[in-house]
Amino acid sequence: MRRRRAAVAAGFCASFLLGSVLNVLFAPGSEPPRPGQSPGPSPAPGPGRRGGRGELARQIRARYEEVQRYSRGGPAPGAGRPERRRLMDLARGGPGLQRPRPPGARPPPDGSPSWPPAPGPGSPGSPGPGPRLGCAALRNVSGAQYVGSGYTKAVYRVRLPGGAAVALKAVDFSGHDLGSCVREFGARRGCYRLAAHKLLKEMVLLERLRHPNVLQLYGYCYQDSEDIPDTLTTITELGAPVEMIQLLQTSWEDRFRICLSLGRLLHHLAHSPLGSVTLLDFRPRQFVLVDGELKVTDLDDARVEETPCASSANCVLEFPARNFTLPCSAQGWCEGMNEKRNLYNAYRFFFTYLLPHSAPPSLRPLLDSIVNATGELTWGVDETLAQLEKVLHLYRSGQYLQNSTADSRAEYQRLPDSTIPQEDYRCWPSYHHGSCLLSVFNLAEAVDVCESHAQCRAFVVTNQTTWTGRQLVFFKTGWSHVVPDRNKTTYVKASG
C-alpha cells in the first residue's frame with residue numbers, strides 16, 4: 001500500500017511538471033460527460049455483461065436529477081436567486097477553464113444527460129468575491145501528496161504558487177465504486193459519468209450549504225487528461241483527518257470545541273436552505289479539522305428528502321446498538337428522521353467519547369445531560385445546540401468557578417517578567433506533551449490547579465490564550481532556576 005501511494009504521488013508531481021496538472025488522477029479509456037450535451041440513444045449491452053447499458057443510463061439519469069434538484073434549491077438566507085450557470089460550461093471566457101467547447105460535440109454514448117445547472121462564480125454560493133480557482137491556479141503547484149481515497153474519490157494535497165495548501169478531489173479509477181460498475185456493465189466511460197456525478201453532487205452541496213463548519217469549495221478544474229476528455233477535479237479547503245485516539249489525549253477545551261462545532265453544523269443541516277439534510281455516511285473520516293474547528297468534507301452520500309411513510313412502522317431508525325421509532329406525519333413523512341439520524345450519530349461517534357471526560361467538575365452534570373439526551377433522542381438539534389452554547393458561556397465567563405473557595409490556598413509570590421525554563425512535570429490532559437500546560441480563567445483558578453497537584457510548587461502565566469480567551473499556564477515542581485522573560489510572569493509558593 002505504501003509503495004502504491006508513493007508511486008501515485010510521484011506520478012502526480014511529474015504530471016504537473018509536464019503541464020498536465022491532473023493526469024495522474026485518471027486512467028485512460030474513460031470519457032466523462034461533456035457539458036451541454038443532450039441524451040442520445042443507448043447502445044445494446046455487450047455480450048456477457050450483466051444489466052446492460054440501459055440500466056447504467058438510468059442510474060446516471062437518477063444521479064443527474066438528484067444534483068439538479070440540489071443545484072436549483074432555494075437561495076441561502078438573505079441572498080437573491082442564484083445565477084444559473086453550468087459548472088462545466090466551456091463558453092469562451094469561462095472561469096478557470098482552458099479552452100472553448102469544440103463545435104459539434106456528440107451526445108454521450110450511454111444515453112445519459114449532461115451536467116445539471118448549479119450556481120457559478122459570483123453567485124451567492126461563492127466563497128469570496130471574484131472568479132473561483134480553476135485549472136490556471138494549478139499549473140505551478142508543488143508538494144503534491146496522496147492523502148487517501150474512499151469508495152469513490154481520491155484526495156491529494158498540493159501547495160499553490162502563493163503558498164496556500166489546498167485539497168484536490170477526483171474520481172478514483174482504482175476505487176471500489178468505479179471498479180464494481182465496470183465489472184457489472186463493462187462500460188468505463190459510462191461508469192466514470194456515474195461516479196463523477198457523485199463528485200458534482202458534493203460540489204453543489206458544498207456550495208449550497210456554506211457554513212463555518214462545512215468545508216470551503218475553492219473551485220474546480222475541467223480539462224482533458226491524456227485521451228480522457230473533460231475530467232473533473234474539485235479544489236477545496238485542506239483539513240487534517242479526525243483521529244479519535246489523538247483527540248482523546250487533547251485538552252477538554254479542544255474536545256468541547258469539536259462537539260460544539262458539530263452541534264452548530266447539525267443545526268445548520270436541519271435548517272438549511274435545501275431542507276433538512278442527513279449524512280447517511282456519518283463517521284469521523286467524513287470530517288476534518290481546520291484550525292481546531294470540525295468541518296464536514298464528504299457530502300456525496302448526503303440526502304435532503306425525508307423518508308415517506310404510511311405509519312410509524314415505516315419510521316424506524318436502525319443503529320447497531322438500538323433502534324428508534326419516530327412518528328409518521330399526516331403528510332406521509334417520518335417526522336424529523338434526518339435530524340434525529342444525524343444527532344444520534346453525533347452521540348455515538350463524538351459526544352459520548354469527547355464531552356464528559358476530564359471536564360470541569362461543575363460542568364459535568366450539564367454535559368452528562370447532553371450526552372444522555374442525545375443518546376435517547378429526547379432532544380432535537382435546537383435544544384442540543386442551546387445546551388452546548390450554555391456550556392460555552394459558563395466556561396468562557398468563568399461562572400463555572402462560582403463554588404470555588406480560597407480558605408485553603410497558600411500564598412504565592414509574584415515574579416514579573418520571568419519564567420522557569422525547566423522543572424516540569426507531566427499532567428493530563430496537557431497542551432504540551434512533556435510538561436503540564438493548562439488553560440485557566442484567572443489567577444485564582446491557576447492557584448487552585450497548583451494546589452490540587454501534589455508536585456506543584458510554582459506556575460508561569462504566559463501571554464498565550466486559547467480559542468475561548470483563557471490564558472495558558474505552565475505548572476512547575478520548583479523554582480530553583482528563574483530567568484528573565486518579558487512575556488511571562490512567574491508565581492512561586494511562599495515558604496512556610
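Located above this text is the structure these notes cover.
Calculation criteria
- Residues numbered from 1 in each chain as written.
- Predicted model: local features only at pLDDT ≥ 70, side-chain atom pairs only at ≥ 80, totals over all residues.
- Heavy atoms only, no water.
- Helix = DSSP H or I, 4+ residues; strand = E, 2+ residues; numbered from the N terminus.
- Buried < 20%, exposed > 50% of the residue type's maximum accessible area, 1.4 Å probe, protein only.
- Contact = heavy atoms within 4.5 Å.
- Areas by Shrake-Rupley, 256 points an atom, 1.4 Å probe, with all protein chains shown as cover.
- Pairing = 2+ DSSP bridges.
- Axes fitted to C-alpha atoms, helices over the stretch in contact; angles between N-to-C directions.
- Expected span 1.5 Å × (residues − 1).
- Core = buried A, V, L, I, M, F, W, Y, C linked by side-chain atoms within 4.5 Å.
- Domains from an automatic or database assignment.
- Salt bridge = Lys/Arg side-chain N within 4 Å of Asp/Glu carboxyl O.
- Polar contact = N/O pair within 3.5 Å; in protein donor to acceptor, adjacent residues only side chain to side chain.
- Disulfide = S-S within 2.5 Å.

Undergrad: Can you walk me through the overall build of the protein chain in this structure?
TA: Each helix and strand counted, the protein chain has 10 helices and 19 strands in total. Counting across all 496 residues of the protein chain, residues that qualify as buried make up 51%. Long-range contacts, defined here as pairs at least 24 residues apart, represent 72% of the contacts in the protein chain between residues at least 6 apart. When the accessible surface of the protein chain is split by element, carbon and sulfur atoms take 50% of a total near 22600 Å².

Undergrad: Sorry if this is basic, but what is going on with the sheet that holds strand β15 (residues 412-419) here?
TA: Hydrogen bonds between backbone atoms are what pair the strands of a sheet, whose relative direction is either parallel or antiparallel. Ordered by their spatial adjacency, 5 strands build an open sheet running β15-β19-β17-β18-β16, and the pairing between neighbours is antiparallel. Two strands lie at the open edges of the sheet, namely β15 and β16 (436-440), each paired on one side alone. Geometrically, the sheet is characterised by an average inter-axis angle of 30 degrees between neighbouring strands, direction not taken into account. Its contacts with the sheet put helix α10 (residues 443-452) on β15, β16, β17 (458-465), β18 (471-476) and β19 (483-493), and the angle it makes with β17 is roughly 135 degrees.

Undergrad: Would you take a moment to explain the pairing of strand β4 (residues 153-159) for this structure?
TA: Walk down a regular strand and you will see the side chains alternate between the two sheet faces. Within β4, 5 of the 7 residues are buried, which leaves the element mostly enclosed by the surrounding structure. Pairing geometry for strand β3 (residues 142-149) and β4, over 5 bridges, is antiparallel. Following the sheet pairing, serine 142 is matched in β4 by arginine 159. The hairpin turn running from β3 into β4, its antiparallel successor, is 3 residues long. Note: β4 against strand β5 (residues 165-171), 7 bridges, orientation antiparallel. Within the sheet, the bridge partner assigned to arginine 157 lies in β5 and is alanine 167. Hairpin connection of β4 to β5: 5 residues between the antiparallel strands, including glycine 163 at a positive phi of 105 degrees.

Undergrad: I'm lost on helix α4 (residues 188-208) in this one. Help?
TA: One full turn of an α-helix is made of 3.6 residues, so residues set three or four places apart face in the same direction. Between its terminal C-alpha atoms α4 stretches 30 Å, which fits the 30 Å expected from 21 residues at 1.5 Å a residue. Across the 21 residues that make up α4, a large majority, 19, are buried.

Undergrad: Can you walk me through the nonpolar core in this structure?
TA: Side chains that are nonpolar tend, in soluble globular proteins, to be buried together. Grouped together as the largest cluster of nonpolar side chains are 85 residues, with contacts concentrated most on Leu262, Phe287, Leu299, Phe350 and Leu355. When residues of this core are assigned to their parent elements, the largest contribution, 11 residues, is made by α4. Both domain 1 (132-238) and domain 2 (241-401) contribute no fewer than three residues apiece to this core. Ignoring any residue separated from it by four or fewer positions in sequence, one finds phenylalanine 350 in contact with Val242, Met244, Ile258, Cys259, Leu262, Phe282, Pro284, Phe287, Leu294, Asn345 and Leu355.

Undergrad: What am I meant to see in the sheet that holds strand β11 (residues 293-296) here?
TA: If you trace the 3 strands from one edge of the open sheet to the other, you get β8-β10-β11, paired in antiparallel fashion. Every interior strand has two partners, whereas the edge strands, β8 (240-241) and β11, have only one. Across 2 bridges, the pairing between β8 and strand β10 (residues 287-290) is antiparallel. Pairing of proline 241 across the sheet is with valine 288, part of β10. Along the sheet, helix α6 (residues 252-270) contacts β10 and β11; its crossing angle with β11, the most-contacted strand, is approximately 40 degrees.

Undergrad: I would appreciate a short explanation of the side chain of serine 261 in the present structure.
TA: Tracing the backbone through its elements, the reader meets serine 261 in helix α6. Residues in contact with serine 261, not counting those within four places in the same chain, are Asn213, Glu293 and Leu294.

Undergrad: Can you walk me through the pattern of salt bridges in this structure?
TA: As a working rule, side chains carrying opposite charge can pair if their charged atoms are close by. Taken as a whole, this structure holds 19 salt bridges when the rule is applied. Notably, a salt bridge pairs lysine 295 with glutamate 237, separated by 3.0 Å at the nearest N-O pair. Taken as a pair, lysine 295 in strand β11 and glutamate 237 in strand β7 (residues 228-237) lie far apart in primary sequence, 58 residues in all. For the pair formed by lysine 295 and glutamate 237, the shared burial category is buried. Residue glutamate 389 is joined to arginine 264 by a salt bridge in which the shortest nitrogen-to-oxygen separation is 2.9 Å. Of this pair, glutamate 389 sits in helix α9 (residues 381-397) while arginine 264 sits in helix α6, and the two are 125 residues apart along the sequence. On the accessibility criterion, glutamate 389 (28% relative accessible area) is partly exposed. Exposure remark for arginine 264: the relative accessible area of 29% places this residue in the partly exposed category. Several salt bridges converge on common partners, so that one network encompasses Lys153, Lys169, Glu202, Asp298 and Asp300.

Undergrad: In this structure, what is going on with α10? I would like to understand it.
TA: Of all the residues in α10, the buried ones are Glu445, Ala446, Val447, Val449 and Cys450. By the N-cap criterion, in which a side-chain oxygen at the helix start approaches the backbone nitrogen of a residue two or three places on, α10 is capped by asparagine 442, the distance to alanine 444 being 3.3 Å.

Undergrad: Would you take a moment to explain the state of the cysteines for this structure?
TA: What we call a disulfide is simply a covalent bond connecting the sulfur atoms of a pair of cysteines. Taken as a whole and assessed by the stated rule, the structure comprises 6 disulfides. Linked covalently through their sulfurs, cysteine 309 and cysteine 328 form a disulfide whose S-S length is 2.1 Å. Handedness here is read from the sign of the S-S torsion; for cysteine 309 and cysteine 328, about 95 degrees, the answer is right-handed. Taken together, the residues cysteine 309 in the loop between β12 (302-303) and β13 (316-318) and cysteine 328 in the loop between β14 (323-325) and α7 (337-354) connect sequence positions 19 residues apart. Linked covalently through their sulfurs, cysteine 427 and cysteine 436 form a disulfide whose S-S length is 2.0 Å. Disulfide cysteine 427-cysteine 436: torsion about the S-S bond near 95 degrees, hence right-handed. Here cysteine 427 and cysteine 436 have matching classes, each one buried. Indicated for the protein chain is the disulfide connectivity 1-4, 2-3, 5-7, 6-8, 9-10, 11-12, based on numbering the bonded cysteines in sequence order.

Undergrad: For this particular structure, what's the right way to read unusual backbone geometry?
TA: Generally, phi is negative for residues other than glycine and the peptide bonds are trans, each holding for most cases. Omega for the peptide link from tryptophan 428 to proline 429 comes to -5 degrees, which places this bond in the cis form. Mapped onto the secondary structure, proline 429 falls in the loop between β15 and β16. The phi angle at leucine 377 is positive, at roughly 55 degrees, despite the residue not being glycine. Positionally, leucine 377 belongs in the loop between α8 (364-376) and α9. Note on leucine 377: relative accessible area 9%, which makes it buried.

The values are spatial; any link to function lies outside them.
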